[in-house]
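Each chain, letter by letter, is given below.
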Amino acid sequence: VDVGADVKKFKKGDKVGVGCMVDSCLDCTNCKAGVEQYCCGSGWTGTYNAVIKDKNKINIKNHELGENIYGGYSTAITVREEFVLRVPDNLPLVKAGPLLCAGITVYSPLVNFGA
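Below is a summary of the structure that appears in this document. (Residues numbered from 1 in each chain as written. Predicted model: local features only at pLDDT ≥ 70, side-chain atom pairs only at ≥ 80, totals over all residues. Heavy atoms only, no water.)

1. Here we look at the overall build of the protein
Selection rule: Think of it this way: any DSSP run of H or I at least four residues long counts as a helix, any run of E at least two long counts as a strand, and we number them from the N terminus. Residue exposure (1.4 Å probe, protein chains only): buried if accessible area is under 20% of the type maximum, exposed if over 50%, otherwise partly exposed. Per-residue and other accessible areas were derived by the Shrake-Rupley procedure at a 1.4 Å probe size, with only the shown protein chains allowed to occlude residues.
Within the protein, the regular secondary structure consists of two helices and six strands. Moving toward the C terminus, one meets the helices and strands of the protein in the order β-β-α-β-β-β-β-α. With 115 residues in all, the protein has 27% of them scored as buried. On the protein, roughly 7900 Å² of surface is accessible, and the fraction owed to carbon and sulfur atoms is 57%.

Set out below in structure tokens:
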């Protein structure tokens, strides 16, 4: 992992993961309330099969504006730090991946509905 000059939460070499989103406006009412998946500004950008809207924020090696993002199938990806999650050192990456995908898909509704 490498980090850009403006990144504050992470440093080069940190063990991190990316969930289902890589970007949103971060300025609308929903984003400011922490529910970026309901972004009513420029909309949120998914990790998979979304369209690259701004190469300054989301940059995938050898891809241009208007092309699709392929998430874990990409050779490299740049993500806003707000959408990067720290992976604990004692959690193997092979076990972290499923938690960031299917795990959160199941966990979130269970918590939301009090299960």
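2. Here we look at the environment of asparagine 49
Threshold: Note on definitions: a residue-residue contact is assigned when non-hydrogen atoms from the two residues lie within 4.5 Å.
Structurally, asparagine 49 is set in strand β4 (residues 48-51). Owing to a relative accessible area of 57%, asparagine 49 belongs among the exposed residues under this scheme. When the C-alpha positions of asparagine 49 and glutamate 67 are compared, they lie 8.9 Å apart, and in sequence the two are 18 residues distant. When sequence neighbours within four positions are dropped, the list of residues in contact with asparagine 49 reads Asn68 and Ile69.

3. Focus: the layout of surface pockets
Worth spelling out the cut-off: Whether a set of points on the 1 Å grid over the protein atoms alone is a cavity depends on a 1.4 Å probe fitting there but being unable to get out, while an open set qualifies as a pocket with protein on both sides within 12 Å along at least five of seven lines; lining residues are those with an atom within 4 Å of a point. Grid points are joined across faces, edges and corners, and a volume is the space filled by probe spheres set on the points. In the scheme used here, Gly and all other residues not listed as nonpolar or charged are polar, with Ala, Val, Leu, Ile, Met, Phe, Trp, Tyr, Cys and Pro taken as nonpolar and Asp, Glu, Lys and Arg as charged.
For the second largest pocket, the calculated volume is near 420 Å³. Taken together, 13 residues line the second largest pocket, and the ones lying closest to its centre are Gly19, Cys20, Met21, Gln37 and Ile104. Counting residues per element, the lining of the second largest pocket draws most heavily on helix α2 (residues 93-112), at four residues. Looking at the lining of the second largest pocket residue by residue, the class counts come to seven nonpolar, four polar and two charged.

4. Comments concerning α2
For the record, the criterion: One fewer than the residue count of a helix, multiplied by 1.5 Å, yields its expected span. The angle between axes fitted to the seven residues ending at a residue and the seven residues starting there is what we call the bend at that residue.
With 20 residues, α2 extends 26 Å between its outermost C-alpha atoms, agreeing within 8% with the 28 Å of an ideal straight helix rising 1.5 Å per residue. Along its length, α2 reaches its greatest deviation from straightness, about 55°, at glycine 103. Remark: glycine 114 follows α2 within two positions and exhibits a positive phi of approximately 70°.

5. A look at the nonpolar core
The nonpolar side chains of soluble globular proteins are, as a tendency, buried together. Inclusion rule: Nonpolar cores are built from buried Ala, Val, Leu, Ile, Met, Phe, Trp, Tyr and Cys residues. Side-chain atoms within 4.5 Å join them into one set.
Formed by Phe10, Met21, Val22, Ala50, Ile69, Val79, Phe83 and Val84, the largest nonpolar core amounts to eight residues. In this structure, valine 84 is in contact with Phe10, Val16, Gly17 and Val79, ignoring residues within four places of it in sequence.

6. A look at a nonpolar patch on the surface
The cut-off we apply is this: Exposure above 30% relative accessible area and no salt bridge define the residues that can form patches, which grow by joining like charges within 9 Å and nonpolar side chains of Val, Leu, Ile, Met, Phe, Trp and Tyr within 5 Å. Any Lys or Arg side-chain nitrogen found within 4 Å of a carboxyl oxygen on Asp or Glu counts as a salt bridge.
A cluster of nonpolar side chains, contributed by Tyr48, Tyr70 and Tyr73, occupies part of the molecular surface with about 420 Å² of accessible area. One can find tyrosine 70 in strand β5 (residues 68-70).

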